[in-house]
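Chain residues, written in single-letter form:
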Amino acid sequence: MTSRLSRLAVALVATAGATLGVTVANPAPASAAATICYNTSQAGAYAGTANQAASIWNNATVNLTLSANCGSNLRIYQITGGGSYAVRTSLGNGRVYIDTQQAAQYSPLRIMTHEIGHILGLPDNYNGNCAILMSGGSAGTGCTNPYPSSAEANRVSNLFAGTFSATDRSADIFRDSWPSVLTPVS
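Summarised in this report is the structure supplied together with it. What you see is a predicted model, and the numbers here were worked out from it, not measured in a lab.

Rules of the game
Residues numbered from 1 in each chain as written. Predicted model: local features only at pLDDT ≥ 70, side-chain atom pairs only at ≥ 80, totals over all residues. Heavy atoms only, no water. Disulfide = S-S within 2.5 Å. Helix = DSSP H or I, 4+ residues; strand = E, 2+ residues; numbered from the N terminus. Buried < 20%, exposed > 50% of the residue type's maximum accessible area, 1.4 Å probe, protein only. Pairing = 2+ DSSP bridges. Phe/Tyr/Trp six-rings, centres within 6.5 Å; stacked < 30°, edge-to-face > 60°.

Applying the stated rule across the entire model yields two disulfides. Linked covalently through their sulfurs, Cys37 and Cys70 form a disulfide whose S-S length is 2.1 Å. Looking along the S-S bond of the Cys37-Cys70 disulfide, the torsion reads about -105 degrees, which is the left-handed sense. Highlighted residues: Cys37 in strand E1 (residues 34–42) and Cys70 in the loop between strand E2 (64–68) and strand E3 (74–79), separated in sequence by 33 residues. Note on Cys37: relative accessible area 13%, which makes it buried. For Cys70, a relative accessible area of 44% puts it in the partly exposed group. Paired by a disulfide, Cys130 and Cys143 hold their sulfur atoms 2.0 Å apart. Around the S-S axis, the bridge from Cys130 to Cys143 shows a dihedral of about 85 degrees and counts as right-handed. Separated by 13 residues along the polypeptide, Cys130 in the loop between helix H4 (108–119) and helix H5 (150–161) and Cys143 in the loop between H4 and H5 bring together distant segments of the chain. Residue class for Cys130 comes out partly exposed when judged on its relative accessible area of 28%. With relative accessibility at 4%, the residue Cys143 sits in the buried group.

Looking along a regular strand, one sees the side chains alternate between the two faces of the sheet. Here three bridges tie E1 to E3, and the two strands are oriented parallel to one another. Bridge pairing links Asn39 to Arg75 in E3. Pairing between E3 and strand E5 (residues 93–99): six bridges, direction parallel. Residue pairing in the sheet places Tyr77 in a bridge with Tyr97 of E5.

Applying the stated rule across the entire model yields two aromatic pairs. Between the aromatic rings of Tyr77 and Tyr97, the centroid separation amounts to 5.1 Å while the plane-to-plane angle is 15 degrees, which identifies the pairing as stacked. Taken as a pair, Tyr77 in strand E3 and Tyr97 in strand E5 lie far apart in primary sequence, 20 residues in all. For Tyr97, a relative accessible area of 14% gives the class buried. Put simply, the rings of Tyr77, Tyr85 and Tyr97 touch in pairs and so form one group of aromatic residues.

Below is the structure:
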């Protein structure tokens, strides 16, 4: 009980610091990291991109390891048309669909890392800020940043430490992060 309260206090301080723009080191995990096994057998040309995105999340978070082709918590698919999106069935489980047409307009690595972020418990944040990974396509086609902000990384770390809870819904579908048609700027 004391260990859980200590972890909770550290998580609250880290979250408050991130909200205020203060960098706070991630708390050390109290137990072994959760492993999310992702499967790229249907990812086509984006299998390597999925591996890069997994590496980004592994380096940005604690309490979590994404590991390739050891199972199918997360399945990654290449599609053509319809837009890139994620379907989270529970925290750390679901499917990511990468649309080849959108990946020709936007950074494929940013799309992949963003969509995996949904599987890891993050919602969209359409604020247009390129420094915020979950801003998705609202940051424009020129934004290629594939890295989560410290607040986003801390949120994922805390979700997998059990100090925060993700809303448990039967299935969350995250669509429309990446506009499929470029709109001329007026």
